[in-house]
Every structure is written in structure tokens, then in C-alpha cells.
Amino acid sequence: MKAAVYYENGGPEVLKYEEIPDPTCHPKGVIIRVEAIAIEGGDTLNRWRGPLMTNPHVVGYQAAGEIIEIGDQVTNVKVGQKVATVNNWGSHAELRSVPARNCWPIPDGFDVRKAAAIPVTFGTAHDCLFEFGRMKKGETVLVQAGASGVGVAAIQLAKRAGAGLILATASSDERLEKLKRLGLDHGINYTRDDVAKEAKRLTDNKGVDVVVDSVGGSTLQGSINALAYRGRVSMVGAAGREPMVVDVGSMMGGNRALSGVFLGAEIGTDRVHDNIQQLIEDAAKGELEVIIDKEFSLSDAAAAHAYIESRQAVGRVVLVP
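Residues take numbers from 1 onward in each chain, read along the sequence in its written order. The model is predicted, so local features are restricted to residues of pLDDT at least 70 and side-chain atom pairs to those at 80 or more, both for listing and for counting; the totals for chains, interfaces and linings are taken over all residues. Heavy atoms from the whole structure form the basis of all side-chain values; hydrogens and water molecules are not counted.

**So, the sheet that holds strand β8 (residues 140-143)**
When DSSP finds two or more bridges between a pair of strands, those strands are recorded as paired. Strands are runs of DSSP state E lasting at least two residues, helices are runs of H or I lasting at least four, and both sets are numbered from the N terminus onward. With parallel pairing, 6 strands are arranged side by side in an open sheet as β10-β9-β8-β11-β12-β13. Single-partner strands in this sheet number two, and they are β10 (186-189) and β13 (257-260). Pairs of neighbouring strands in the sheet enclose a mean axial angle of 15°, with direction left out of account. As defined by bridge partners, β8 adjoins strand β9 (residues 165-170) across 4 bridges and the pair is classed as parallel. Within β9, the residue paired with Val141 across the bridge is Ile166. Residue contacts are defined here by distance: any two heavy atoms, one from each residue, within 4.5 Å place the two residues in contact. Orientation is described by axes fitted as lines to C-alpha atoms, over the contacting stretch for helices, and by angles from 0 to 180 degrees between their N-to-C directions. Along the sheet face, helix α7 (residues 218-225) touches β11 (208-213), β12 (227-235) and β13 and points at about 150° away from the line of β12.

Below, the structure is given as C-alpha cells:
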């Protein structure tokens, strides 16, 4: 099969389009013929500095396609079925081997490209808001990196749950404007404005109840500073690629809380598995929108990664074999 591989960590240029051996099917797994690969922020981080679990390494969490082989212990899916899949690596390829438990059937007629972008992205946003952020109807939400895949999902999910006010950050006014139809009330251009000060100004100096922060680094302290009394931050990524340094003392006076969120730690549970399936079905019914910003050929994976890191995208970037 063809795949986008690399032999060492580095920038997008380390990705090469090469022929590698086809994957084998585990007794509890499946092989899918990949039709769409949704590039995650974690994919670019792993390429940059993550461990190479294979050599050459095929990076990537999310891909969707048709099942062409199942293991002899698999009963929950069948050959010919279209599924969205998640695994620790291996998405950037024409074929993919994954545990059957990490497959979610795609409703008939739903765009496979959009389905590919749901499990990690929407599942993570949902956990940040509700499982760990404990968001309630009427509360105020701040989404850092609102134009990211998780950001786009979090804005919609917060709106659907009845958030009283939704704020989000992005690197340009143009990107923020595109988020308003999804439920964004006020955008904050972090290249121009102090995020915490703007969040306080827009909430009559009360601060926000829940922050979804996929950036980390120095941005994380701003998320904490933006909190209201008893506010909660769900920290879910390190897209800023900076050390996580925060003043823990700044959380005490307001009885604030900071939770680290990693969907992968619970993706095998019934709670998360069922929630992801429901999110896919909601999107198929038109209740949630999956935004595909741009599509690249798998052979152009390096260009796709470079485009993501240029911070121009709104939503997900997809590779198609």
C-alpha cells in the first residue's frame, strides 16, 4: 500500500509518500480501505516530537473507510460496512488495521470525509465541556483556538447545550467571523487583544465559567486568569508547543479548577464509545456541522501538515488516498 511515512521527527518536510507492506488483521481487529483521513493536531505534534512506534512510521489518529477484512473474534462490525476509526497511529495510509472496538458505523448517506473527523474532535470537545468542565445551561464558555477542529466542535456543543455566552479566540478577525454562524457570540483576536482582559470585559468583569484550552503553554495561564468564581479549565492539548507553566496560586482565590483531559484514556469505555456514536448520528442528521476546510491528496501529506501549521484553517483538513 501507499502511505505518508517518516523516518525521523521534524517539520512537515519529513513526510514521504512511499510503498510499504500492507497491515495484517488482528483476531479482534479489522482492516479498512481508507477513504478519508482527518488530520488531528496530535498528528502534527507526534510528527514533530512523538515516538516512532514503527519504522518507517505512519502517523495519524483518525480515518474512515470501508471494512475489507475482520478478525475471527469480531462480532460488532462486518465486511463492507463504512466506519470511522481511531487508533494511536496509522491513519495516513491506503489501508489501516484497527481494533474493532475503535470503529463506529457511519449512517447510510453520510459523508465519509466528515465522519472521519468526528470521533476524537467532537468526542474531546464534549468531554471538555461536560464530563470535566461540568458546563450547565446558561453558563459562559471560552474556547481557545476556536477555529480548530476541537474549537469548532466545542462552540456548537456549547450552543446546543444552552450556554449563556460563547467566546472564542483565533489568530484573525476573518477566522473568528466564520465561527459566528456556529454559535459564537464574541471573538477575541489573540494577536491583538489580551484574552483574559477581553473575557472579563465581555462578561462585565465576572469571567467565564468554562474554558476549553487545546493550546496550553503560556495560553493556559490566560485561560485561568479569564475564569469566574468557581470557573473550570479543561486543558486538552499543547498546540502552542510551549512548556506548561502556570501559577497554581492564581486558582485559589476564586476556587477555580484545572483538569487535564485526554479522550484516549477512556475511549475504550462504554461511556465514550456510545457518546461518539451518538455524535456521528447527530452530525448525520444535520444537528452538528463538520467543517472541512481543505482537502489534499495523501501524496501531498507534507503540504497538508504545513497548511495546518500555518494557522489558516477553520475546521479540519482532510487527506484522501
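So that's the structure; there's more coming.
**As for the nonpolar core**
What makes a nonpolar core is a set of buried Ala, Val, Leu, Ile, Met, Phe, Trp, Tyr and Cys residues whose side-chain atoms join them at distances within 4.5 Å. Burial classes follow relative accessibility: with a 1.4 Å probe on protein chains only, a residue under 20% of its type's maximum area counts as buried, one over 50% as exposed, and anything between as partly exposed. The biggest cluster of nonpolar side chains holds 53 residues, and the ones touching the most others in it are Ile118, Phe122, Leu129, Val141, Ile155 and Leu179. Tallying contributions element by element places helix α4 (residues 149-160) first for this core, with 7 residues. In this view, Leu129 contacts Arg134, Met135, Val141, Ala154, Leu157, Ala158, Val210 and Val212; residues no more than four positions away in its chain are not counted. Listed in part, the 26 residues of the second largest apolar core include Ile32, Val74, Val98 and Ala313.

**Things to note about the environment of Glu19**
Position of Glu19 relative to the elements: it lies in strand β2 (residues 16-19). A relative accessible area of 53% places Glu19 in the exposed class. Sequence separation between Glu19 and Val83 is 64 residues; the distance between their C-alpha atoms is 24 Å. The residues touching Glu19, leaving out its near neighbours within four places in the chain, are Met1 and Lys2. In this structure the side chain of Glu19 is engaged in a polar contact, spanning 2.8 Å, whose partner is the backbone nitrogen of Met1. In protein, a polar contact means a hydrogen-donor-capable atom and an acceptor-capable atom, both N or O and within 3.5 Å, with residues adjacent in sequence counting only if both atoms are side-chain atoms; elsewhere, any N or O pair within 3.5 Å suffices.

**As for helix α6 (residues 195-202)**
Since the α-helix advances by 3.6 residues per turn, residues separated by three or four positions end up pointing in the same direction. Among the residues of α6, those classed as buried are Val195, Ala196, Glu198, Ala199 and Leu202. The buried residues of α6 occupy one face: seen down the axis, they fall within an arc of 165°. Of the exposed residues in α6, the ones pointing more than 90 degrees away from its buried face are Lys197 and Arg201. Packed against the buried residues of α6 are β8, β9, β10, β11 and α7. For α6, the N-terminal cap is Asp194; the gap from its side-chain oxygen to the backbone nitrogen of Ala196 is 3.2 Å. Of the residues trailing α6, Asp204 is marked for its positive phi of about 55°. This arc describes the spread of directions from the helix axis toward the C-beta atoms.

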